[in-house]
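What follows is each chain in one-letter form.
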Amino acid sequence: MSRYKIAHITQFYYPIIGGQQLYIKNLIDLLGDEIEQFVIQGWLEKSNYNYVKNLSNFGSQIESRMGRLFPYFSWYRSLYSLKFEKKLLKSFDKLLLHYPFFYPSVKWHEDIIVLSHGVLWNRPFKDRTDRVFKKLAVETKKKCKIVSNDTDYLREIGIDAKPMQNEFCEIEKNVFYFPNCVDTDIFCPSESKKENIILVPRNLRPDRGIHLAIESFGLISKHFPDYRLVIVGALYEGSNYFNNCISIAKDYNIIDKMEMHSTVSQNKLLNFYRRAKLTLIPSIDFEGTSLSALESMACGTPVISTNVGGLADIPCVHAETNSADFSEKIIYVLNNLEIFSKEQTQSVNLRFNIGKWTSNWNKLLTT
C-alpha cells in the first residue's frame, strides 16, 4: 500500500538557514514514517536531498541581473515555472503551499493547504507585489484550508483571532492556528554554567532588527561591562546592512564586545542558548511565532522581543521597537533572570511542545 503523498511548495528550503526552512524539515522528519513528502523550491542552490526539486530558472547571470532590477523577480520566475510541473503535482494527494503567492499556478489541484509563516507584505504597502501578496492571502482563505503559525496573519485576512489564545484550534471553518513548537527533550536547560552573553539568533537582515539589538546593547553596556553581544545567523558580509551594523557598534564603542557567527548547526545553536543569560529577538517586520525565541525559552534562557507579528503570541518579555525601551527591558530582565527563566520555560513546555504540533499536523494532513 502506497503512503500518503504531500508536496511542499516553497520559495526557500535548501540551504536550511531560517525558521521557514526548518519548519519544513521538522514536518518531514516527524511525519516521515507515515507520509511521503517532497519539496519543490524556487531557490536555485542545488540540494543534497533526493526529495527536493528546484524549479527551472533562466540562468544564473540573467537571474542575478533581473533580481537587481526587480527585487521579486525570482518569486515571479518560480510562479511561472510552477505552471510546468502539473504532471508531477498531480501525483500528490495534497499540496502544502508555504506561501499563498504560489496559488495561481496550482489552483487546479483539489486538495491544497496554505501555510503562513507570518505576514509577507509591507504595512503600509510599498509596491505592487505587496498588494499581490495580500490579495492572494485573502483569496486562498476562501478556497483552501489555511494554517497560520501566528494570529497576526489571521487578523490581516479578516479573521477575529486574539493573540496568545486558541492554539491548535480551528478558528473558523478550514482556518487553523498552529503556532511553532519545539522539541523540549532536546531544547531544555542544562547544568552548564551560564556566561555573560546576550544572544541574538537572527539572520542579518533589516527586518530582523539587528541594528536595534546593537543599539540597545550599546545603551546598557556601561551597566553590564562584562557582557558580550553574540549574533548568530547568516551574516551577508559586505552588504549595506552588515556595514551599517558594524558602524553602529563602533559608534557605541562596543565593537570589541560583539561577536558575529555565521549560520551554525542546531547542536551549536543549542549550545549558544544554554550558555547565554539572555536572548534578544528584535524583529521589526515579517515575523511569525519565532522558533528561535521558543528554543531559547525552552533552554531556560529568557527572551526579550518586540511585539511585532507573531511575537505577540509567545510569552516573551515584550518591548517597543526602539532602543530606549528595549534597553530598559534588558536591564530589568538581567536583574530578574531566575524569575523570567522559570516562567518562560514552563510556559513553552506546556503550550508550545512539539508533541502537540506533530499530532495536530498529522491529523490535518491525513484527513
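Just so we're clear, the structure is a prediction, and the values are computed from it rather than from any experiment.

Basis of the calculations
- Residues numbered from 1 in each chain as written.
- Predicted model: local features only at pLDDT ≥ 70, side-chain atom pairs only at ≥ 80, totals over all residues.
- Heavy atoms only, no water.
- Axes fitted to C-alpha atoms, helices over the stretch in contact; angles between N-to-C directions.
- Helix = DSSP H or I, 4+ residues; strand = E, 2+ residues; numbered from the N terminus.
- Parallel < 35°, antiparallel > 145°, perpendicular 65-115°, else oblique.
- Contact = heavy atoms within 4.5 Å.
- Nonpolar A, V, L, I, M, F, W, Y, C, P; charged D, E, K, R; others polar.
- Buried < 20%, exposed > 50% of the residue type's maximum accessible area, 1.4 Å probe, protein only.
- Pairing = 2+ DSSP bridges.
- Right-handed = clockwise from strand over helix to strand, strands pointing away.
- Arc of directions from axis to C-beta.
- Left-handed = near helix turned anticlockwise from the far one by under 90°.

(A) Region of the structure containing the packing of helix 1 (residues 19-31) against helix 14 (residues 354-365). Two numbers describe how helix 1 lies on helix 14: the axes approach to 11 Å, and their chain directions differ by 80°. One element, helix 1, and the other, helix 14, form an angle in the roughly perpendicular class. Residues Y23, N26, L27, L30 and L31 of helix 1 pack against I354, W357, T358, W361, N362 and L365 of helix 14. Of the residues contributing to the contact of helix 1 with helix 14, the split by class is eight nonpolar, three polar and no charged.

(B) Region of interest: the pairing of strand 9 (residues 197-200). By the alternation rule, side chains of strand 9 split into I197 and L199 and I198 and V200, which are all buried. Judged from the four bridges that link them, strand 9 and strand 10 (residues 228-232) form a sheet pairing that is parallel. Directly across from L199, in strand 10, lies its bridge partner V230. On the question of chirality, the crossover connecting strand 9 to the parallel strand 10 by way of helix 8 (residues 210-220) is right-handed.

(C) Representation of helix 10 (residues 266-275). Regarding helix 10, the residues found buried are L269, L270, F272 and Y273. All buried residues of helix 10 fall inside an arc of 160° around its axis, so they share one side. In helix 10, the exposed positions angled more than 90 degrees off the buried face are occupied by N267 and K268. Where helix 10 is buried, its residues contact strand 9, strand 10, strand 11 (258-261), strand 12 (278-281) and helix 11 (291-298).

(D) Broad picture of the packing of helix 10 against helix 11. Across the interface, helix 10 lies against helix 11 with an axial gap of 9 Å and an inter-helix angle of 60°. By the angle between their axes, helix 10 is oblique relative to helix 11. Helix 11 is crossed by helix 10, and the crossing has right-handed handedness. Across from Q266, L269 and Y273 in helix 10, the residues of helix 11 making contact are S292, E295 and S296.

(E) Spatial organisation of the pairing of strand 12. Side chains L278 and L280 project from strand 12 onto one buried face, and the interleaved T279 and I281 project onto a second face that is buried too. The pairing of strand 9 with strand 12 spans two bridges and is classified as parallel. Along strand 12, the bridge assignment pairs L199 with T279. Here three bridges tie strand 12 to strand 13 (residues 303-306), and the two strands are oriented parallel to one another. Bridge pairing links I281 to S305 in strand 13. Crossover connection from strand 12 via helix 11 to parallel strand 13: handedness right-handed.

(F) A look at the sheet that holds strand 9. Spatial strand order, 11-10-9-12-13-14: six strands in an open sheet with parallel pairing. Edge strands, defined here as strands with exactly one partner in the open sheet, are strand 11 and strand 14 (317-319). Adjacent strand axes in the sheet meet at a mean angle of 25° when their direction is disregarded. Sheet strands touched by helix 8: strand 9, strand 10, strand 11, strand 12 and strand 13. Its angle to strand 10, the strand with the most contacts, is close to 170°.

(G) Inspection of the sheet that holds strand 2 (residues 35-41) at higher detail. Strand order in this open sheet of eight strands is 3-2-1-4-5-6-8-7, and the pairing throughout is mixed. Every interior strand has two partners, whereas the edge strands, strand 3 (52-54) and strand 7 (169-172), have only one. Between one strand axis and the next, the sheet turns by 25° as a mean value, whatever way the strands run. Of the pairings in the sheet, the one linking strand 5 (residues 112-116) to strand 6 (residues 145-148) comprises four bridges and is parallel in character. The residue of strand 6 that forms the bridge with V114 is I146.

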